[in-house]
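# Examination of the molecular architecture
Spelled out, the chains give:
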Amino acid sequence: MSVDPRVSIHPDSSVLMAAIAARLITKLVDVQDKYGEATVVLTGGTVGIGTLKAVADSPAAPAVDWSKVNFWWGDERFVGSADPDRNAGQAFDALLSRIPVDPDRVHIPGSSDDFETPEEAAEDYARRLREAAAAEHAADMSDDRPEEPAALPRLDVVLLGVGPDAHVASLFPEQAGIREKERTVVGVRNSPKPPPLRISLTLPAINTAAEVWMVVAGEDKAGAVGLALAGATPVQVPAAGPRGTSRTLWLIDENAASRVPQQLVRKDATGA
Ligand SMILES: O=C(O)[C@H](O)[C@@H](O)[C@H](O)[C@H](O)COP(=O)(O)O
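Residues numbered from 1 in each chain as written. Predicted model: local features only at pLDDT ≥ 70, side-chain atom pairs only at ≥ 80, totals over all residues. Heavy atoms only, no water.

Here we come to the layout of surface pockets. Leftover empty space is mapped by rolling, across the atoms, a probe with the size of a water molecule. Estimated volume of the largest pocket: approximately 960 Å³. Taken together, 38 residues make up the lining of the largest pocket; nearest its centre are Tyr35, Glu136, Pro153, Arg154 and Leu155. Where the lining of the largest pocket is concerned, the elements lending two or more residues are helix H1 (13-35), strand E3 (69-73) and helix H4 (118-139). With 8 residues, the top contributor of residues to the lining of the largest pocket is H4. In the lining of the largest pocket, the residues fall into 14 nonpolar, 8 polar and 16 charged. Looking at the second largest pocket, its volume works out to about 370 Å³. Taken together, 24 residues form the lining of the second largest pocket, with Gly44, Gly45, Thr46, Val162 and Lys193 sitting closest to its centre. Within the residue set of the lining of the second largest pocket, elements represented by two or more residues are H1, helix H2 (45-57), strand E4 (75-77) and strand E8 (211-216). Tallying contributions element by element places H2 first for the lining of the second largest pocket, with 4 residues. (1 Å grid on protein atoms, 1.4 Å probe; cavity = no way out; pocket = protein on both sides within 12 Å on 5 of 7 lines; lining within 4 Å. Points joined across faces, edges and corners; volume = space filled by probe spheres on them. Helix = DSSP H or I, 4+ residues; strand = E, 2+ residues; numbered from the N terminus. Nonpolar A, V, L, I, M, F, W, Y, C, P; charged D, E, K, R; others polar.)

Take the sheet that holds E3 next. The 6 strands lie next to each other as E1-E9-E8-E5-E2-E3, forming an open sheet whose pairing is parallel. Of all strands in the sheet, those bounded by a partner on one side alone are strand E1 (5-10) and E3. Taking each pair of neighbouring strands and ignoring which way they run, the sheet shows an average axis angle of 20 degrees. Where strand E5 (residues 157-160) meets E8, 4 bridges bridge the pair, whose relative direction is parallel. When the bridges of E8 are listed, Val158 appears paired with Val212. The sheet strands contacting helix H7 (residues 222-229) are E1, E8 and strand E9 (247-253), and the helix crosses E9 at an angle near 155 degrees. (Pairing = 2+ DSSP bridges. Axes fitted to C-alpha atoms, helices over the stretch in contact; angles between N-to-C directions. Contact = heavy atoms within 4.5 Å.)

Enumeration according to the criterion identifies 17 salt bridges in this entry. Between Arg105 and Glu37 there is a salt bridge whose closest N-O contact spans 3.5 Å. Taken together, the residues Arg105 in the loop between helix H3 (87-94) and H4 and Glu37 in the loop between H1 and strand E2 (38-42) connect sequence positions 68 residues apart. What makes Arg105 buried here is its relative accessible area of 17%. Given a relative accessible area of 25%, Glu37 falls into the partly exposed group. The salt bridge involving Asp124 is made with Arg127; its shortest N-O contact spans 2.5 Å. Within this pair, Asp124 and its partner Arg127 are both found in helix H4, separated by 3 residues, close to a single helical turn. (Salt bridge = Lys/Arg side-chain N within 4 Å of Asp/Glu carboxyl O. Buried < 20%, exposed > 50% of the residue type's maximum accessible area, 1.4 Å probe, protein only.)

Right, dumping it as structure tokens:
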């Protein structure tokens, strides 16, 4: 299946976040129809968190069986669990505290309350991903079940914000995280954006997802978005790296779109 990125441009960030929320609700309902459950990987940032708030505010939110959604995070700040910098805390405030989630399906990366180092928290997160994959494998009764379980469960949608420096998750330009080829999760020690200690999924992990949605608003992202879509190399421009196995969608606002190569811009309103 084609994994060429598709770009859908929205007039401003509030329309963008409402549109991503609508897509996400529809996607989760569709995936639940097919598999009985759905798995989403969340992102922090204004667009990521604003989208979650838009999901909670949507009259269509109850169409999703939230008790059968598995939540993971693409990255997390390695600070105390109650620190306002935590992506998970922000996601709870915006959405997870407002819907009937199953706590056993909410997989928050470890904090500095529980681990000495981001590397230990990263290892723990990788172990939990492996366990989820093993449980999924054991429950798979299909004829095409692979012999061995994978390192990651099926990821239906990965949401990723993009920084002005083109970072995604906590994979920053030229740093070790974006160069990682083997591990699914890494500890990050020198994030140029505070806080410096973080945990992040790697590109090989992100790129197992069926769908990757890059969610971006603001003029300060236009350069990063343009370079990523023009085919820059991920080590320099991490946002160029993520690819879903069936779809890569760039859901962006007009301010972030000024340097998008014209041939990639869809002319219809939805980009669906
Ligand atoms: O961990 C972080 O530092 C942020 O979560 C970051 O990765 C964010 O997702 C992007 O910078 C996009 O942020 P905006 O959506 O606010 O532009």
